[in-house]
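Working through the structure, step by step
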Amino acid sequence: MAKYLLLKHYRGAPAAVNDVPMDQWTPAEIEAHLRYMNDFAARLEKSGEYVDGQALAPEGAWVRYDGEGKPPVTDGPFAETKDLIAGWMIIDVDSFERAVELAGELSAAPGAGGKPIHEWLEVRPFLTAPPTVTE
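Please read all numbers here as calculations on a predicted model, not as lab measurements. (Residues numbered from 1 in each chain as written. Predicted model: local features only at pLDDT ≥ 70, side-chain atom pairs only at ≥ 80, totals over all residues. Heavy atoms only, no water.)

1. Observations regarding the overall build of the protein chain
The helix and strand tally for the protein chain stands at 3 helices and 6 strands. Going from N to C terminus, the protein chain has its helices and strands arranged as β-α-β-β-β-α-β-α-β. Along the first, second and third principal axes, the C-alpha atoms of the protein chain reach 50 × 35 × 25 Å. Counting over 135 residues, the protein chain shows a buried share of 28%. For the protein chain, the exposed area adds up to about 9200 Å²; of that, 58% sits on carbon and sulfur atoms. For the protein chain, the separation between the mean place of its 12 positive charges and that of its 22 negative charges on side chains is 2 Å. (Helix = DSSP H or I, 4+ residues; strand = E, 2+ residues; numbered from the N terminus. Buried < 20%, exposed > 50% of the residue type's maximum accessible area, 1.4 Å probe, protein only. Areas by Shrake-Rupley, 256 points an atom, 1.4 Å probe, with all protein chains shown as cover. Lys, Arg positive; Asp, Glu negative; His and termini not counted. Charge placed at Lys NZ, Arg CZ, Asp CG, Glu CD.)

Here's what the structure looks like:
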């Protein structure tokens, strides 16, 4: 089994077919979308392919170490990750092909008007060993 990260993007990916931002959806449309996501996760949990998943809040900050005895430095807001990544799901599947199959199904979550979003999802394998260094 191999773990994959499925990333849902607010922006930055190619436009979805049903490209209406979630802040313009009705409460019923949001509820239907979340129900689809939860049902999808529950099905994968039963098959042993679900690891974890979360939606992300839009707020956040960049933080870095600034030296011994100094407090961490924060900066922002930036229009990068927190404005781009809406949420994630980790799956543990037999192959990349299975990860792509599941991402395709997840892409069909309903959106505005109850129609499938057909959004682009990023599929990223977990690093299982340190990168090989060639000298």
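2. Examining the side chain of Ser 107
Examined against the element boundaries, Ser 107 turns out to sit in the loop between helix H3 (96-106) and strand E6 (121-125). Engagement of the side chain of Ser 107 in a polar contact is seen with the backbone oxygen of Glu 119, the distance being 2.6 Å. If sequence neighbours within four positions are ignored, Ser 107 has contacts with Ile 117, His 118, Glu 119 and Leu 121. (Polar contact = N/O pair within 3.5 Å; in protein donor to acceptor, adjacent residues only side chain to side chain. Contact = heavy atoms within 4.5 Å.)

3. Re the packing of helix H1 (residues 27-47) against H3
Running from N to C, H1 and H3 cross one another at 155°; their axes reach a closest spacing of 11 Å. If you check the angle between H1 and H3, you find them roughly antiparallel. As H1 runs across H3, the sense of the crossing is right-handed. Across from Tyr 36, Met 37, Phe 40, Arg 43 and Leu 44 in H1, the residues of H3 making contact are Arg 98, Leu 102, Glu 105 and Leu 106. By residue class, the composition of the contact of H1 with H3 is 6 nonpolar, no polar and 3 charged. (Axes fitted to C-alpha atoms, helices over the stretch in contact; angles between N-to-C directions. Parallel < 35°, antiparallel > 145°, perpendicular 65-115°, else oblique. Left-handed = near helix turned anticlockwise from the far one by under 90°. Nonpolar A, V, L, I, M, F, W, Y, C, P; charged D, E, K, R; others polar.)

Remember, this is a structural readout, not a statement about activity or role.
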